[in-house]
Amino acid sequence: MEPGSSSTEKFYRIPKGKGPHSVGCTDLMTENAVEGSFLRLYYPSCSGTDNEEAPWIPDKEYYQGLSDFLNMYRVVGERLFQYYVGSVTCPAKSNAAFKLGEKYPLLIFSHGLGAFRTIYSAICIEMASQGFVVAAVEHRDESASATYYCKKKSISEPQEESTSGLEKEWIYYRKLKAGEEERCLRHKQVQQRAQECIKALNLILKINSGEEVTNVLNSNFDWNSVKDSIDTSRIAVMGHSFGGATVIESLSKEIRFRCGIALDAWMLPVGDDIYQNSVQQPLLFINSEKFQWADNILKMKKLSSNDTNKKMITIKGSVHQSFPDFTFVSGGLIGRFFKLKGEIDPNEAIDISNHASLAFLQKHLSLKKDFDQWDSLVDGIGPNVIPGTNIDLPPAEPE
């Protein structure tokens, strides 16, 4: 059996979008090397397209970066990932034609520590199937397992036609140095991450206004078709873990984000200044049952005190890895061993998260959809969901 042709992916698949739209995806990298933007765009696409599904993890260097992040030897990790997930695709058609005729709200998505732009596809595809354009940013702050930018090849190197004189310059996950204070590094990174989310927002709005944008990656996607297709008054930001902190930082810096959704947010990177009423927009915290701890929850509560538009719910039986795609492509034994799966069915957990997100977005972006059928989830009412947190908190100290 060839590596990557393992039959495992026949049984374990990233779920398709459940909304009315077919979904396409395409990658966009702008010029200016490391200063530019890099994102995967998920969008409503024309149905009946012959385009193939997009590869889930597109380069072997991501396996190497994941190996570093997980403290595995690269040669071992690369083979393992290649064997188990090398042939996994995500259920979005690569470079499919953009579906015209509607103005879609825009969602900017921020990945977690050790992740990258492609591995939250279950969430991003569901949102696109429900009529959102989703820009999943790949952060270059050394918090991704791996990422890259393109630079011109030196003359001496052989020119490959496919890369048109460009080569990939890889940036891998940076571990903490001995004696380095984590909060200092993470706070610096979260500020860069927020700027990258705002940069991605500006880029999509530039394309929407009809400006030419150079994509240094070769693709046959027609970016002109996105012109006038974004509802520029309906923009939100969403992210997981470190990406949840990035949501909070982005909301505080950019008023065009009308609301935010933080999935199992890691609050350490959030600066002290942010708690001084600098997040005015509505914010939904969706937490897993197994990841959170009292100090982290207290920071969320401090941010949302006395604001009825800031909500918190917890999904029972879920774990921190219930939000990225690995939960869907791992078997029960491996999934539980690596804490990729909780006690709840992964599909049910992601449905609760997505439905609560859609209901929250409908309310705060004033969408005319039927997502309000899930309003009760935002209040923590329903099977496998509770309002607030499952964590025992110390009694509140008097003011």
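Residues numbered from 1 in each chain as written. Predicted model: local features only at pLDDT ≥ 70, side-chain atom pairs only at ≥ 80, totals over all residues. Heavy atoms only, no water.

Explain unusual backbone geometry residue by residue, including any values.
Even without being glycine, Asn-71 reaches a positive phi, approximately 60 degrees. Mapped onto the elements of the fold, Asn-71 is located in the loop between helix H2 (60-69) and helix H3 (74-85). Positive phi is not limited to glycine here, since Ser-366 has a value of about 55 degrees. Locating Ser-366 in the fold gives a position in the loop between helix H10 (346-365) and helix H11 (375-378). (Helix = DSSP H or I, 4+ residues; strand = E, 2+ residues; numbered from the N terminus.)

Give me H3: which residues, what numbers.
Its twelve residues place the ends of H3 16 Å apart at the C-alpha level, agreeing with the 16 Å of an ideal helix rising 1.5 Å per residue. Among all positions in H3, only Gly-77, Phe-81 and Val-85 are buried. Along the axis of H3, the buried residues cluster in a sector spanning 25 degrees; they form a single face. Residues of H3 that are exposed and point over 90 degrees away from its buried face: Val-75 and Arg-79. (Expected span 1.5 Å × (residues − 1). Buried < 20%, exposed > 50% of the residue type's maximum accessible area, 1.4 Å probe, protein only. Arc of directions from axis to C-beta.)

Just give me the short version of the pairing of strand S10 (residues 259-263), but keep the residues and values in it.
Counted residue by residue, S10 has five buried out of five residues, so it is predominantly covered. In this sheet, S10 lies alongside strand S9 (residues 230-240) in parallel orientation, the contact comprising five bridges. Note on S10: the bridge partner recorded for Ala-236 is Cys-259. Where the polypeptide runs from S9 across helix H6 (residues 242-253) and back to S10, its parallel neighbour, the crossover connection is right-handed. Bridge count between S10 and strand S11 (residues 283-288): four bridges; the pairing is parallel. Note that in S11 the partner of Leu-263 across the bridge is Ile-286. (Pairing = 2+ DSSP bridges. Right-handed = clockwise from strand over helix to strand, strands pointing away.)

Tell me about the pattern of salt bridges, and name the residues and values.
If the charged atoms of two oppositely charged side chains come close together, the side chains can form a pair. In the structure shown here, the tally under the stated rule is 21 salt bridges. Arg-256 is the partner of Glu-254 in a salt bridge, and the nearest nitrogen-oxygen pair spans 3.0 Å. On the basis of relative accessibility, which here comes to 11%, the residue Glu-254 falls in the buried class. (Salt bridge = Lys/Arg side-chain N within 4 Å of Asp/Glu carboxyl O.)

Quick one: what's the story with the pairing of strand S12 (residues 310-315), residue by residue and with numbers?
By the criterion of burial, S12 is predominantly enclosed, with five of the six residues buried. Here six bridges tie S11 to S12, and the two strands are oriented parallel to one another. Bridging across to S12, Ser-288 finds its partner in Ile-315. As judged from the three bridges shared by S12 and strand S13 (residues 385-387), these two strands associate in the antiparallel manner. Its bridge partner lying in S13, Ile-315 is registered against Val-385.

Lay out the packing of aromatic side chains with the relevant residues and their values.
Counted under the stated rule, the structure contains 18 aromatic pairs. Three or more aromatic residues joined by ring pairs make a cluster, and in this case those are Phe-38, Tyr-62, Phe-116, Tyr-148, Trp-170 and Tyr-172. Across the ring face of Phe-242, the terminal group of Arg-193 is positioned such that the distance to the ring centre comes to 4.2 Å. The aromatic ring of Tyr-275 is capped on one face by Lys-302, whose charged end is 5.0 Å from the ring centroid. (Phe/Tyr/Trp six-rings, centres within 6.5 Å; stacked < 30°, edge-to-face > 60°. Lys NZ or Arg CZ within 6 Å of the ring centre and 35° of its normal.)

Before we move on, could you go through the sheet that holds S12 and cite the residues and values that matter?
Strand order in the open sheet formed by eleven strands is S3-S4-S1-S2-S6-S5-S9-S10-S11-S12-S13, with mixed pairing between adjacent strands. The open sheet has two edge strands with one neighbour each: strand S3 (53-55) and S13. Each strand axis lies, on average, 30 degrees off the axis of its neighbour in the sheet, ignoring direction. The sheet contact formed by strand S1 (residues 22-29) and strand S4 (residues 89-94) spans two bridges and is parallel. In the sheet register, Cys-25 faces S4, and the bridge partner there is Ser-94. Strands in contact with helix H7 (residues 294-304) are S11 and S12; relative to S11, the strand with the most contacts, it is inclined by about 165 degrees. (Axes fitted to C-alpha atoms, helices over the stretch in contact; angles between N-to-C directions. Contact = heavy atoms within 4.5 Å.)

Any details on H2? Residues and values, ideally.
The α-helix winds at 3.6 residues per turn, so residues separated by three or four positions along the chain end up facing the same way. For H2, the tally of buried residues reaches eight of ten residues, placing the bulk of the element in the interior. Glu-61, Tyr-62, Tyr-63, Gln-64, Gly-65, Leu-66, Ser-67 and Asp-68 are the residues of H2 that are buried. Structurally, H2 contributes buried residues whose contacts are with strand S2 (38-45), H3, strand S7 (146-152), strand S8 (166-172) and helix H8 (326-329). Positive phi appears at Asn-71, one or two residues downstream of H2, with a value of about 60 degrees.

Summarise the nonpolar core; cite the residues concerned and give the values.
Membership of the largest hydrophobic core comes to 69 residues, with the highest contact counts inside it found for Trp-56, Ile-57, Phe-109, Phe-132, Ile-286, Phe-326 and Leu-361. Ranked by the residues each element gives to this core, the list is headed by H10, at nine residues. Discounting chain neighbours no more than four positions away, the residues touching Phe-109 are Tyr-120, Ile-123, Cys-124, Val-134, Ala-135, Ala-136, Val-137, Met-238, Gly-239, His-240 and Leu-263. Within the second largest apolar cluster, 49 residues are counted, among which are Leu-201, Val-213, Val-279 and Ile-391. (Core = buried A, V, L, I, M, F, W, Y, C linked by side-chain atoms within 4.5 Å.)

An account of the packing of helix H4 (residues 121-129) against H10 is requested, with residue identities and associated values reported.
Contact geometry of H4 with H10 gives a least axis separation of 11 Å together with a crossing angle of 45 degrees. Regarding the angle of H4 to H10, the classification is oblique. The handedness of the crossing between H4 and H10 comes out as right-handed. Listed contacts from H10 to Ala-122, Ile-123, Glu-126 and Met-127 of H4 are Ile-350, Asn-354, Ser-357, Leu-358 and Leu-361. (Parallel < 35°, antiparallel > 145°, perpendicular 65-115°, else oblique. Left-handed = near helix turned anticlockwise from the far one by under 90°.)

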